[in-house]
Amino acid sequence: MPKPRSTTPTHTKILVVLNGKGGVGKTTTAINLAATFAEKNSVLLVDADPQGSATWWVERSSERMGFDLAQETDPTVLDRLRTVKDYTLVIVDTPPALASDALAAVIPAADYLVLPTPPAPMDLAALIETVKVAVIPVGVAYRVLLTRVDPRSLNEALEAQNTLMELGIPACNAFVRAYKAHERAALEGLAISQWRGKNAREAEADYRRIADEIQRDWRTK
């Protein structure tokens, strides 16, 4: 693990970003939540995905995003996440595979899980399976986060939120709208809060609302 940047907090929270399906905005969520939380906290982002998308993103950056990065896919090391000190928050980007040993190691160590998914029915079905198989059995607090929501058609997202509510699956009230800004920020190695271009501030606002909602959850648990 990299050398910490700040003093030791009283308790390090561990937030795991996961979905058994790829292409759902998982790494985008991990990077942008890490950058948002890092404005007021010492944050370590752990890239536990063998594809290394978060590492690729950060290494392209010409400027710091405010958090530290560790690339680690070894389940025996990930199993010791609870021993990480000197950070307020550890965020883990996980592989898109429910049978992954890395995922099996980090979920029980988590304080909170964020499960990104587009609102399309097939994506939602895969997400519901992830919740049933990997999340509910371990009893960790979690919320589903709707991503890649078409800004011109928000009804699909609202319908998905209602479906999840009917199933007793908690979902964030906020969601991430689909903007080219996210892709362009990644290509430049920037968090959305650092990128300047069309719809950048709208995209940034989505993640700020989500971070606020997660923090409200933490204060009530």
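Before going further, it helps to examine helix 8 (residues 200–220). The first and last C-alpha atoms of helix 8 sit 31 Å apart over 21 residues, in line with the 30 Å expected at 1.5 Å per residue. Among all positions in helix 8, only Ala200, Ala203, Glu204, Asp206, Tyr207, Ile210, Ala211, Glu213, Ile214, Asp217 and Trp218 are buried. On its buried face, helix 8 is in contact with strand 1 (13–17), helix 1 (26–37), strand 4 (89–93), strand 5 (112–117), strand 6 (142–146) and helix 7 (180–187).

Its twelve residues give helix 1 an end-to-end C-alpha distance of 16 Å, which sits within 8% of 16 Å, the value for a rise of 1.5 Å per residue. Along helix 1, twelve of the twelve residues are buried, which leaves the element largely enclosed by surrounding structure. Burial in helix 1 covers these residues: Lys26, Thr27, Thr28, Thr29, Ala30, Ile31, Asn32, Leu33, Ala34, Ala35, Thr36 and Phe37.

Relative to the assigned elements, His182 resides in helix 7. When sequence neighbours within four positions are dropped, the list of residues in contact with His182 reads Thr28, Asn32, Val176, Arg177, Ile192, Ala203 and Tyr207.

Considering the arrangement of structural elements, one finds Ile128 in helix 5 (residues 121–135). For the pair Ile128 and Gly20, spaced 108 residues apart in the sequence, the C-alpha separation amounts to 9.9 Å. Contacts of Ile128, omitting those with residues within four sequence positions, involve Leu164, Leu167 and Ile169.

Rules behind the numbers
- Residues numbered from 1 in each chain as written.
- Predicted model: local features only at pLDDT ≥ 70, side-chain atom pairs only at ≥ 80, totals over all residues.
- Heavy atoms only, no water.
- Helix = DSSP H or I, 4+ residues; strand = E, 2+ residues; numbered from the N terminus.
- Expected span 1.5 Å × (residues − 1).
- Buried < 20%, exposed > 50% of the residue type's maximum accessible area, 1.4 Å probe, protein only.
- Contact = heavy atoms within 4.5 Å.

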